[in-house]
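The lines below spell out each chain.
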Amino acid sequence: MTVTNPTSSPVESIKAGSGLLRGALSAELAAAEPNVSADSAQLLKFHGVYAQDDRDTRRARSLAGEALEYSFMIRVAIPGGRLTTAQWLALDAVADDVADGSIRLTTRQAVQFHGVAKHDLRRVASTLHDHLLTSFAACGDVVRNTVTCPDLALSGLADPRGDVATCIARAFTPATRAHWEIFVDGALAASDGDVEHDFYGQTYLPRKFKIAIAHPDENCVDVFAQDLGLVPTVHPEVGDGFVVLVGGGLGRSYAQDDTFAHLAEPLTFVTRDEVIDLIGAVVDTFRDLGDRGNRRRARMKYVVADRGMTDFAAEVSRRYGPLRPPIEVHLGPAEDHLGWREDRDGDWRLGIRVGAGRVRDVAAGIGLRSALREVLGGRALRLVVTAQQDLIIAGVTASERDEIDRVLARHGVRAVDQLGSVERSALACPALPTCGQALTEAERVLPHVVDAVQGEVDRLGGARRIQLRMTGCPNGCARPAVAEVGVVGRTKTTYDVYVGGGPRGDRLAWVVREKVRLEDVPGVLRPYLERWRDEGRDGEAFGDFIGRVGTS
Ligand code: SRM
Ligand code: SF4
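This report concerns the structure included in the present document. (Residues numbered from 1 in each chain as written. Chains lettered and ligands numbered in written order. Predicted model: local features only at pLDDT ≥ 70, side-chain atom pairs only at ≥ 80, totals over all residues. Heavy atoms only, no water.)

What to know about the nonpolar core
Point 1. In terms of nonpolar packing, the biggest core is built from 93 residues, with Trp-88, Phe-113, Phe-209, Leu-230, Val-246, Val-282 and Phe-312 touching the most fellow members.
Point 2. Looking at which element gives the most residues to this core, the answer is helix H10 (residues 275-289), with seven residues.
Point 3. Leave out the neighbours within four places in its chain, and Phe-312 touches Val-246, Leu-267, Val-282, Thr-285, Met-300, Val-303 and Val-304.
Point 4. With 35 residues, the next largest nonpolar core counts Ala-442, Leu-460, Val-497 and Val-499 among its residues. (Core = buried A, V, L, I, M, F, W, Y, C linked by side-chain atoms within 4.5 Å. Buried < 20%, exposed > 50% of the residue type's maximum accessible area, 1.4 Å probe, protein only. Helix = DSSP H or I, 4+ residues; strand = E, 2+ residues; numbered from the N terminus. Contact = heavy atoms within 4.5 Å.)

See the structure below:
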C-alpha cells in the first residue's frame, strides 16, 4: 500500500489508492446511477472525463428536491492539434450520436464533447481508439496535450524523428493500462503487475503540467502562459534547438491571495535530441517539489516563483546535468492563421474562424459542422485545431479553393474579410451551463460583448484590432490574464475588467475596474480606447499602448 503524507490533499490519497487510475471506475460506470462518486470523479479526469451537471437547471431541481441533470464532458488530447479527415469525421459523428451536437475546440488544441451520458462514455472511448485518438491524460495531474503553432505542426510532419508534440505525448503519457481496460477492452477488471513511469509513480504529479511550442517568430500559443514553453532557436555554438521557458500559468483564486498569474522565464537552451530528457528533469523537479497539500498552489509556477529561478535551475540541473545558459527570444504578435495561405509545397490551407471554438450547425444541415462534412467528404485533407479555438484545413489544391469557399458561404460561414476586428481574435471559455467552476457566463454572451466592444472600437475610426478574452472565473481558461482586454467573472452578475496584456503574450494584464456589470464593460473601456486613438503611436497595439502609458 502507498502511504501519502498526512498533510497531503485528499486527491493525493485517491490517486495513491487507485491502483494506477482504476479505483472503482469499472463498477461505477456499469452501475445504473447517472453520476459517479466524488472519488471516481477525480480519477475520471485522468481519463479525460469530467463529471458535470446542467447549471441552468441546478437550482430549480435542488429546490424541488429532484436529482440534478448529470452528464459528462470528454476531452480528446490532440498533440499539436493535428487531425486527419477520417478522424474529424469520426469526431463529427460522436457529436450527434452521444453528445450535444457540437464539437468544442479548446484553447489547447484539443476537442471536447459536452452532455455525454455515463453509459455512452465507453462507446466514445472505443470510437476514439479506433481512430488512433484518446481522451486519456487529456486532463488530470499529468503532462497535458502539448500545444504547437500550426505552422510547426504542419511542417513537423517532415521531421523523420517525429514532431515534438507527438514525441512529448509518447514520452509522458502515463504507462498504466487502466484506460484501455476500463474504457476500451471492458472485459478486464484489472491487471496484476501493471507498472507506471518512475516520474509519475503512484501519485502522479502534484497538478497538471502544460507545454507549448511556439513559432520562432510569433506567439499564437501563448508560450509564456505555460508550465514549460519551447521556442525554436538556433544556438551560435550547438545549432538548432529550443530555448526552454518555465514557470508560467494564469489561474488565480479569489479566495486565496497567494495565488497569481505568472509568466514563464528562460531556463536553458537544449538541442532537439536533448529536449525530452530536459522536460523529464523539469517534470521530476515539479513532482518532487510541488505542493501536494494545497491544490490551489500546486502548480509549478509557485515552485519557480517561491524558490526563484536560480534555485529552481539548480534543482533541474541536479537531475539533468549542467544547463546551458538560455539565449534571448523575441517573439512577434500572435498570428491568427485565418484565411487562405499558400504552403511551401504549393498546396493551400484555410484558417476558419470558429466563434468560441464551438463547431455546430445553426439549423438542421446548415452551419459549420455540415459545411466541414461537405468540404472533407472524399478529400484526404489535414486539419489543425489552433490555440485560438479555430480550425485550419490544409492540403487543399489551388483548383479546390473556389468550391470550398462556395460550400462555406452556402452554410453561412463567413470569410475572414467579413469578420469584425474584435470578433476575429475574441476567445471565451465554456463557463455556464457546463463548467462546475463558472461564476458567470462567458461563451454564451461573447457575441454580445464582442458587438458592444466593436461599437466602441468603430467610434475610434479605422479597422483597429483588439484582442478580447472572456472567462467565467479567474481560472483563466481563455487566457484573459495576458490579453489586451480581459473580462473575467467575479460574482454571479459582475466581471473584473483587465487591460494591458499584449499581442505578443509577454505582459500580464491588470485590473482597471472590479465588479462591473456586463452592459457597463464598453463604458469602462471607452476612456482607454480614446486615449489610444489620441496618443497611440502609428501601428501601436492597444495593449502595447496601455503597457507603455499605464492606466493611472
Ligand atoms: Fe481550463 C479547469 C475548460 C484551458 C486554467 N478548465 C477547467 C475545467 C475542466 C473546469 C473544472 O475544473 O471543473 C473547464 C471545463 C469546462 C467545460 O465545461 O468544458 C476548463 N480550460 C478549459 C478549456 C476547454 C477552455 C476553452 O475555452 O477552450 C481549455 C481546455 C484546454 C485543453 O484542451 O486542455 C482550458 N485552462 C485552460 C487554460 C489555457 C491554457 O492552458 O493555455 C488555463 C490557464 C493556464 C493555466 O493552466 O494556468 C486553464 N482550467 C484552468 C484552471 C486553473 C488552474 C490553476 O492553476 O489554478 C482550472 C481549475 C482547476 O484546474 O482546478 C481549469
Ligand atoms: Fe470554467 Fe473558469 Fe475555466 Fe471558464 S475559466 S471554463 S468558468 S474554470
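Let's pick the thread back up.
A few points about helix H17 (residues 542-549)
Point 1. Within H17, burial applies to Phe-542, Gly-543, Asp-544, Phe-545 and Ile-546.
Point 2. At its buried positions, H17 is contacted by strand E20 (485-489), strand E21 (494-499), strand E22 (510-517) and helix H16 (521-535).
Point 3. Note on H17: the residue one or two positions beyond its end, Gly-550, has a positive phi of about 80°.

Observations regarding the site of ligand 1
Point 1. Taken together, the neighbourhood of ligand 1 is formed by 30 residues, with Thr-106, Leu-250, Thr-434, Cys-477 and Arg-479 sitting nearest.
Point 2. In the model, an oxygen atom of ligand 1 is placed 2.8 Å from a nitrogen or oxygen of the Gln-112 side chain.
Point 3. Between Gln-437 and ligand 1, the recorded distance is 3.0 Å, taken from a side-chain N or O atom to an oxygen atom.
Point 4. Mapped by element, the contributors of at least two residues to the shell around ligand 1 are strand E1 (49-53), strand E2 (70-76) and strand E5 (111-116).
Point 5. Across the shell around ligand 1, the residue classes tally to nine nonpolar, 12 polar and nine charged. (Near = heavy atom within 4 Å. Polar contact = N/O pair within 3.5 Å; in protein donor to acceptor, adjacent residues only side chain to side chain. Nonpolar A, V, L, I, M, F, W, Y, C, P; charged D, E, K, R; others polar.)

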